[in-house]
Amino acid sequence: ALGLWREELAIAEAGALRLPASAEVRARLNDALWNGGAVARAPEFAERIARLSGPTADALWFSGYALVLSGEQLRREELPRRAVDTYRTALDRFRTAILMRKELASTTAYWIAMAWLGQGMAQVRAGERAAAADCLVAAIKAQAELGEARDGLGYDVLDLVDKIFEWRESGASQVDPIALLDRIDALAPDSAFYAVAISDSLLREALRADGRNPQRAMRDTV
């Protein structure tokens, strides 16, 4: 309330050291980092808490979540390669947490999927669209229902599909849409969401390509 974010951060970190498994205290810590413009340092705080309180499954989970926040900040700063590495480390932390406590698997699936989606967005930005398509498949494998998922930058799975298939200055995407859909169908055979998403993206790109056609002609279209 007084704008003393450094003091708030110190108090939140002290609280997290006392109660390292408290989601509420961790949320206050991350909020303090965000309010102070230092959310990229969230992994540093999470790692220090894990080191001082012990490498528990909870500590590793919160470290993974902090790395997701850091990956999003690196994308804001247009540092996609660093973001990719950060998301990969987040995935490692989540997997290790599940190995330590298997009941975390169900609650961690969503964040594993979000880490894959974030990595996919970063790899598209780095010009690696085939790798981004692999990330999309991995996200769906972690959690098939992602229609409502949205990351800290406001992007969703439809944005990733669009970026995988959009035309760039170098030309059309080299990712085969039918092959990608076949991979997705093997994981989510009862969902039409991804078929519609890919079709919608391809139709938009086709219309844009038509708009770039230098040979203009009037014709009747059915």
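These numbers were taken from a predicted model, which means no experiment stands behind them.

(A) How the structure looks around the layout of surface pockets. As a volume, the largest pocket reaches approximately 250 Å³. Looking at the largest pocket, it is lined by 13 residues, and the ones nearest its centre are E78, M121, R125, Y155 and K163. Counting residues per element, the lining of the largest pocket draws most heavily on helix α6 (residues 105-125), at four residues. Residue classes in the lining of the largest pocket are distributed as seven nonpolar, no polar and six charged.

(B) Layout of the side chain of T86. As for its placement among the helices and strands, T86 is situated in helix α5 (residues 80-100). The residues contacting T86, other than those within four sequence positions of it, are L67, S70, G71 and L74.

(C) A look at the packing of helix α2 (residues 23-35) against helix α3 (residues 42-53). For the pair α2 and α3, interaxial distance at closest approach is 10 Å and the crossing angle is 145°. Handedness of the crossing formed by α2 with α3: right-handed. Between α2, through R26, L29, N30 and L33, and α3, the contact on the second element is made entirely by A42, F45, A46 and I49.

(D) Representation of the packing of aromatic side chains in the model. Applying the stated criterion across every chain, the model contains six aromatic pairs. Pairing W61 with F62 gives two aromatic rings, centres 5.3 Å apart and planes at 85°, and the pair type is edge-to-face. Judged on exposure class, the residue W61 and its partner F62 are both buried. One aromatic cluster is present, formed by W61, F62, Y65, F94, Y110 and W111 through successive ring pairs.

Rules and cut-offs
Residues numbered from 1 in each chain as written. Predicted model: local features only at pLDDT ≥ 70, side-chain atom pairs only at ≥ 80, totals over all residues. Heavy atoms only, no water. 1 Å grid on protein atoms, 1.4 Å probe; cavity = no way out; pocket = protein on both sides within 12 Å on 5 of 7 lines; lining within 4 Å. Points joined across faces, edges and corners; volume = space filled by probe spheres on them. Helix = DSSP H or I, 4+ residues; strand = E, 2+ residues; numbered from the N terminus. Nonpolar A, V, L, I, M, F, W, Y, C, P; charged D, E, K, R; others polar. Contact = heavy atoms within 4.5 Å. Axes fitted to C-alpha atoms, helices over the stretch in contact; angles between N-to-C directions. Left-handed = near helix turned anticlockwise from the far one by under 90°. Phe/Tyr/Trp six-rings, centres within 6.5 Å; stacked < 30°, edge-to-face > 60°. Buried < 20%, exposed > 50% of the residue type's maximum accessible area, 1.4 Å probe, protein only.

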